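Inside the fold
Now for the letters of each chain:
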Protein chains: 6
Amino acid sequence: MTHEFVIPLFLGSRSPEEAKIALFGTCWDGTSSFKAGSRFAGYAVREASYGMEEFSFYQQESLLEIPFTDYGDLFLPPGQKERALSDIASAVNEIKSKGQFPIAFGGEHLLAYPLIMSAWETHKNLAVIHVDAHADIRPDLWDDPLTHATFLGRIGDQIGFENIKQFGIRSGSKEEWKIAKHFDTIRPFTIDALKSHIDSLGNRPIYLTLDMDVLDPSLYPGTGTPEPGGIFWDVLIEGLKLLRGKYLVGMDCLELSPHYDSTGVSAQAMAKTLREMIMIANTSAFQP
Amino acid sequence: MTHEFVIPLFLGSRSPEEAKIALFGTCWDGTSSFKAGSRFAGYAVREASYGMEEFSFYQQESLLEIPFTDYGDLFLPPGQKERALSDIASAVNEIKSKGQFPIAFGGEHLLAYPLIMSAWETHKNLAVIHVDAHADIRPDLWDDPLTHATFLGRIGDQIGFENIKQFGIRSGSKEEWKIAKHFDTIRPFTIDALKSHIDSLGNRPIYLTLDMDVLDPSLYPGTGTPEPGGIFWDVLIEGLKLLRGKYLVGMDCLELSPHYDSTGVSAQAMAKTLREMIMIANTSAFQP
Amino acid sequence: MTHEFVIPLFLGSRSPEEAKIALFGTCWDGTSSFKAGSRFAGYAVREASYGMEEFSFYQQESLLEIPFTDYGDLFLPPGQKERALSDIASAVNEIKSKGQFPIAFGGEHLLAYPLIMSAWETHKNLAVIHVDAHADIRPDLWDDPLTHATFLGRIGDQIGFENIKQFGIRSGSKEEWKIAKHFDTIRPFTIDALKSHIDSLGNRPIYLTLDMDVLDPSLYPGTGTPEPGGIFWDVLIEGLKLLRGKYLVGMDCLELSPHYDSTGVSAQAMAKTLREMIMIANTSAFQP
Amino acid sequence: MTHEFVIPLFLGSRSPEEAKIALFGTCWDGTSSFKAGSRFAGYAVREASYGMEEFSFYQQESLLEIPFTDYGDLFLPPGQKERALSDIASAVNEIKSKGQFPIAFGGEHLLAYPLIMSAWETHKNLAVIHVDAHADIRPDLWDDPLTHATFLGRIGDQIGFENIKQFGIRSGSKEEWKIAKHFDTIRPFTIDALKSHIDSLGNRPIYLTLDMDVLDPSLYPGTGTPEPGGIFWDVLIEGLKLLRGKYLVGMDCLELSPHYDSTGVSAQAMAKTLREMIMIANTSAFQP
Amino acid sequence: MTHEFVIPLFLGSRSPEEAKIALFGTCWDGTSSFKAGSRFAGYAVREASYGMEEFSFYQQESLLEIPFTDYGDLFLPPGQKERALSDIASAVNEIKSKGQFPIAFGGEHLLAYPLIMSAWETHKNLAVIHVDAHADIRPDLWDDPLTHATFLGRIGDQIGFENIKQFGIRSGSKEEWKIAKHFDTIRPFTIDALKSHIDSLGNRPIYLTLDMDVLDPSLYPGTGTPEPGGIFWDVLIEGLKLLRGKYLVGMDCLELSPHYDSTGVSAQAMAKTLREMIMIANTSAFQP
Amino acid sequence: MTHEFVIPLFLGSRSPEEAKIALFGTCWDGTSSFKAGSRFAGYAVREASYGMEEFSFYQQESLLEIPFTDYGDLFLPPGQKERALSDIASAVNEIKSKGQFPIAFGGEHLLAYPLIMSAWETHKNLAVIHVDAHADIRPDLWDDPLTHATFLGRIGDQIGFENIKQFGIRSGSKEEWKIAKHFDTIRPFTIDALKSHIDSLGNRPIYLTLDMDVLDPSLYPGTGTPEPGGIFWDVLIEGLKLLRGKYLVGMDCLELSPHYDSTGVSAQAMAKTLREMIMIANTSAFQP
């Protein structure tokens, strides 16, 4: 067609063939323990992306200059956890096999598990930066060891908790408090604390897993278990910018429940965060 | 306390010891395939019950005269299907062992599976009246044979489709259409059609499973997969009244997603339906 | 000013001096027993009036041709019942003393009490047409004899229940059921039943009190205690048209809680109902 | 990719090359006179399509068997009316030049103007079936002759009002009332009245323009100027089925304001209506 | 029952017999002057409590270790002010007579009046810490001296304004401004200012009355008269922690209108504040 | 009438004859590029004004002491840009010709164009203080040089960009970034930065144009293109107070989309901002 039809993919998405960076929705919420609904994140974030500028005042770049593609949402059947985790694992491996940097977004935080495991398979000295309101390191939730509230514990079991750097954590069980204290993984909510985390990693491969509920729920209400006392936009943006040029090997930006985002501001916040992440991925010292 | 404190159980609930009828919430939504959220039905329905009269103009009785108890919501961990089904089965068996008539309410329609199976274990000549917008008799949904969209097929596999009487059905897959056509289980949406269904059962034991989305979504928007073209309130009430004095052995009233019920009318509708059901249970020829 | 500034009064309102019909908001909700909020009806209805045509297909007249004024909302302080009732009584008397036909709208149904009493003072053979979902004739509500759920009982105590014609009633206490049965005031929800009510009144002075929750909550969710099973738009409109040319001495159109009217359709329905009422008032055989 | 990624186009959309029927969003709302927002219809309808069955109980066909494509939303800049109308005209011409049957959806009703004009250029004996709550035949709205409330008047000026068949109309200005009366274009809201309209057209080429606000706002609140008293789902579906096998040359399904569709039911209704329309287009005697 | 049924009381509530601390809902809103609705606080806060951790990162304790009970909501009939105030007074006296520390929550701020008066009857050297956006010390509101906007003036009349320490106040009438200035009760919104307030009280008995609208409405929109410029979460939590081990004799946490809390974050904030308050009550030097 | 009827104009509005300051709604949204709806600002702000105190703690004055009038909303037909701009220009000129200080509020930011142009016609050494999230200085938006996103560029073309002082800007195109950088118009979001802007203007005539989306969307979600990272209430209020006694010649306060203001807090914020602006206008060294 010679006319301009808009397919509702993320603003500025190119064809897969032209892309060095791959954005894809992982929108599933089967273990969410209170309010679910992140299965619908994909629609909301893509629609919101048309309400933002393609240019970033923070990084002074335009999304239109970055070679990225949006693949759409990976199909993940509601209620089928094993299948969802396995399909994400193989999809991200295929994306990386094409030489594309993976950025997953949308669904519950459990979905970071196969993404981080995939990164660790290739990079055994991997460090994980975990930005979140919740610790996510319980031994189990109602006897299930692998849920949105426990997945990082399972990562820690395998890669070692000393390789996980946490930021923004303000809620958890007594058990999680003890683990976090022992490994000293939790820091104050200042940009300096985050910077010292990142500096400590030197040139190690880094995976960034970002639960957007780290933001204060005044700004980001669209999440299942909002936690007052979170960080604000300036800390998030400054924190992301600290990662420019680092040896990043993967990123995710998860947990948007658009049906609880009555003001629509949460979807805007995730869309703009993804815009910044795509620009940062483009600077990574690592190229798959 | 000498002061009157209101515990938010269903309006008119007595202590379990005084009850011949047991209301209990089964609020879980783990296989819901589009919009979920029926896990929150219990709060919404109980709150709504305080906005209705205890007296019914339809049956000219008062809820305060019926010996029923509301047990609260059975704890069912999000995302754990096998455990949820098994806990419901054993809870309903325990309720019946106390000589109480069970009425479950709230969550997704899959939860009727253990309730009907429990009834069938005792009453091998059981008939099921299935009132719903959706056929729920697929062989599987995304390879899973036991979900909110397939559970009645699994019932039919065991008790025989000829023992299932459907009403209100207006959506399904091609496969479901064929099965329903073969067994002639689907009828027009008139009170006469429903009456002929019920009359055909004579004195057989009856289990009523009611998916509230049988109502037109103009009246009942609070559901995950709304289907225009549904029945209205008068048909629902007249239909229920046809069951007074029948040999009912169990009932459920399922599928309320209160977070999609923006007007609050759906919760009112479920609360009032339960008021009527409790009165009908009190007339059942069967006493557990 | 030579420019056209829009003051948010009801569409087509003239200056008080030009008016034979007086519209005024009585927006107070101090005894509402479940969800309140009709104090905000005035804003919502006036805004909605700008979304409708001034011409009525039902009566084939234009609002712009009817000499009516909208006085705004009578100031009624929240929580002060005696003062609210007394201020309404004296305001409506002043309106009538100017030769204007009064139409009150917006707030809870208790506010009809002083309006009807004022009509009865002048017209001792008054009949009241009561269109509502609820009977409103209890002896008391939580020991208070004068509330939104009891006011019509107090009217009946004074003017005689046989002079009250009810329509649309489908909810009430056992006591109300007995009173209504005794006086045979409740009728089926057909236009014929309403017509026989009206015909029975001959040329007697009539006051119409309309609780908009008589409408089915699918169409009119913006009310505190929605009752499924209500009348639809065609019956309301046909019913109103039956009053053209009758000896009407006052009307009200009450109970809009705009903050529970999530779709905005309830406010539209009240605005259009007022448009029709204003046209009907213009035909009344009575002129104050 | 070997994994299944879901691009949020309408459920069952094929590639343009495989299609005989072309669905496309025309989502613009620049002349909407009260509540606007139909510019966002595209996202909402496509998302809603994933909540419905691909099989229709009404026509007993599956969407997956119909060769149609969804092109996405035609880009139409907010506030630029002339450009929007001109871009739609040339896009629909290009679609037809590919031998594809055009079905436009989403935005305000003015957008039907270039679609109908394009049909009339090819088919000079064109008849228009206009299903709507509003007459849309004013000479002008605030001095503008071409708006969502006047466009059909402009069509009538050119093709003759006698070639326009209206159904569902219940609101308009006094002027519109007179025009409609003169041409006797308005009929009762029964399926028989609609059938006689259609039968009167014989084998003439037909364009169907459907403003979804013809539905009662209880079912379809997601529109800018809701009009109580509309048709219900069964009449809409039966009406559509009357068009199977007719000489249809184009269709549209317009006016969804998803941000006023607080229950989400309106978007479901439009998605299901489009499912039926696509099946009907597939039976048209006309093939472009 | 051997199965786990969840009664929707506050997370971690024990039976009254085991409790040293008594939580109870006082949910009534009869004098609220703009948007009301705090009558519904009880349902919302209890539901929200199931979405939070029982463990507090702020005090490093678990709610499960604190002997408290939730009595439910005291029944307070809408619109009956004298009865509501009197019932609260006698209920709190009964609670204290059982040796339980009272924490009331939910409704409008007027309800603190009988709670504080009850404390003052026992502790004549009582000091009140008043945390709020509004001064609440007017002589009257629309001629009524005892409303949600004046109650603290009535307290001051009796116990002396010099015994009231205010924090967070940013709105009031000119009269209130003058009173507050004269008694120097208002301080800057810093934790130091609050600390100096508390330090000045030494070992005196303290009653804490907390209107949650002291929080900025970005975080806490669920209130009738939101005031921008409020405190944020960190100041609230730090302020509460200053009260650990003090001679507290009662607390309340009031003003949640859940139907205006469209994001649900306000209910979360009140639930978490109550969790912290319960822990602080457990440390009080005073034991009733 | 001797009774107190409330006409829903801004709290404290006097008759035009008594006024030195003129408030008027300019509520039109025809070029809004994402979410529109500011056409409805007038209703929302006036209703919200009744929920605030007439006294300001910030300026220690009462609105009741300031001679201002609210004219209502200037009628501006949807979709007719040229007419809207021209009508605003002539209305503001008429207001000024009466010796009244103009304060426009409500609609999209394009509407500031005729207001500023009118000020510049009289005051050729005018300086504009532009407080906003967006730069609004593009050459064009989709080929249109005069839209809500470009109007300030057109102002700059005429009065010189060096006479525009911007504050709060955090979003724009690459082109806007370059222009802003060249003219050094953008400053950090501190009160000191704003003060240096204002100080630099000395006694020059100042027009203040305030797009309320300069506020962080956590506090002000009711806007079409929310931008995280905005200023908070204290900076806005302190900034406004810097203008007391300056040579102000006009002000506006624009961009409220109440239908996206789900919490109602944005309308409260605009109402309170207008209260402060009216007090500041009263101190202006300039009197028209």
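Let us look at the structure shown here. All of these numbers come straight from a predicted model, not from anything done at the bench. Starting afresh in each chain, residues are numbered from 1 along the sequence in its written order. Going through the entries in the order they are written, you letter the chains from A and number the ligands from 1. The predicted nature of this model means local features are confined to residues of pLDDT at least 70 and side-chain atom pairs, given and counted, to a pLDDT of 80 or more, with totals for whole chains, interfaces and linings taken over all residues. Hydrogen atoms and water are omitted, and side-chain values are computed over all heavy atoms in the structure.

Facing the 26 residues of chain F at the interface are 26 residues of chain C. Carbon and sulfur atoms make up 66% of the area that chain F and chain C hide from each other, which totals about 2,500 Å². By salt bridge we mean one thing: a side-chain nitrogen of Lys or Arg within 4 Å of a carboxyl oxygen of Asp or Glu. At the boundary of chain F with chain C, the tally comes to zero salt bridges. Secondary structure elements with two or more residues in the side of chain F that touches chain C: strand E1 (5–6), helix H1 (41–49), strand E5 (68–74) and helix H2 (81–97) of chain F. Per element, the largest residue contribution to the side of chain F that touches chain C is five residues, and it comes from H2 of chain F. Three categories are distinguished: nonpolar for Ala, Val, Leu, Ile, Met, Phe, Trp, Tyr, Cys and Pro, charged for Asp, Glu, Lys and Arg, and polar for the others, with Gly belonging to the last. Here the side of chain F that touches chain C is built from residues that sort into 15 nonpolar, five polar and six charged. In this analysis, strands are considered paired if DSSP registers two or more bridges between them. Here a helix means four or more residues in a row that DSSP labels H or I, a strand means two or more in a row labelled E, and each is numbered from the N terminus. As paired strands, strand E5 (residues 68–74) of chain C and E1 of chain F are joined by two bridges and run antiparallel to one another. Bridge pairing in E1 of chain F places Leu74 of chain C opposite Phe5 of chain F. By definition in these notes, contact holds between two residues if any of their heavy atoms fall within 4.5 Å. What gets called buried area is simply the loss in accessible area from a 1.4 Å probe that two parts show on being joined, summed for both.

Turning our attention to the packing of aromatic side chains. Ring pairs shown here join Phe, Tyr and Trp side chains whose ring centres sit within 6.5 Å, with only the six-membered ring taken for Trp; geometry is labelled stacked below 30 degrees between planes, edge-to-face above 60, and tilted in between. In this structure the tally under the stated criterion is 78 aromatic pairs over all chains. The interplanar angle of 70 degrees and the centroid separation of 4.7 Å between the aromatic rings of Phe57 of chain C and Trp177 of chain D together place this pair among those described as edge-to-face. Pair noted here: Phe57 of chain C is in the loop between strand E3 (55–56) and strand E4 (61–62) and Trp177 of chain D is in helix H5 (residues 174–183), and the two residues belong to different chains. Summarising the burial analysis for this pair, Phe57 of chain C and Trp177 of chain D share the class buried. Relative to Trp142 of chain E, the ring of Phe75 of chain C lies with its centre 5.4 Å away and its plane at 65 degrees, an arrangement referred to as edge-to-face. With Phe75 of chain C in the loop between E5 and helix H2 (81–97) and Trp142 of chain E in the loop between strand E7 (127–131) and helix H4 (151–159), this residue pair bridges two chains. Exposure classes here rest on a 1.4 Å probe applied to the protein chains alone. A residue is buried below 20% of its type maximum, exposed above 50%, and partly exposed in between. Assessed through its relative accessible area of 19%, Phe75 of chain C is described here as buried. Here a set of aromatic residues connected by ring pairs shows up, and it is made of Phe5 of chain A together with Phe24 and Tyr71 of chain D.

Close approach of charged atoms lets side chains of opposite charge pair. Residues and elements named next belong to chain A. Counted according to the given criterion, the structure contains 84 salt bridges over all chains. As a salt-bridge pair, Asp29 and Arg39 come within 3.0 Å of each other at their nearest N and O atoms. Taken together, the residues span a long stretch of sequence, with Asp29 in the loop between strand E2 (21–26) and helix H1 (41–49) and Arg39 in the loop between E2 and H1 at a distance of ten residues. Residue classification places Asp29 among the buried residues on the basis of a relative accessible area of 4%. In this structure Arg39 comes out as buried when scored by relative accessible area, which is 14%. Where salt bridges share partners, they join Arg46, Asp70 and Asp73 into one cluster.

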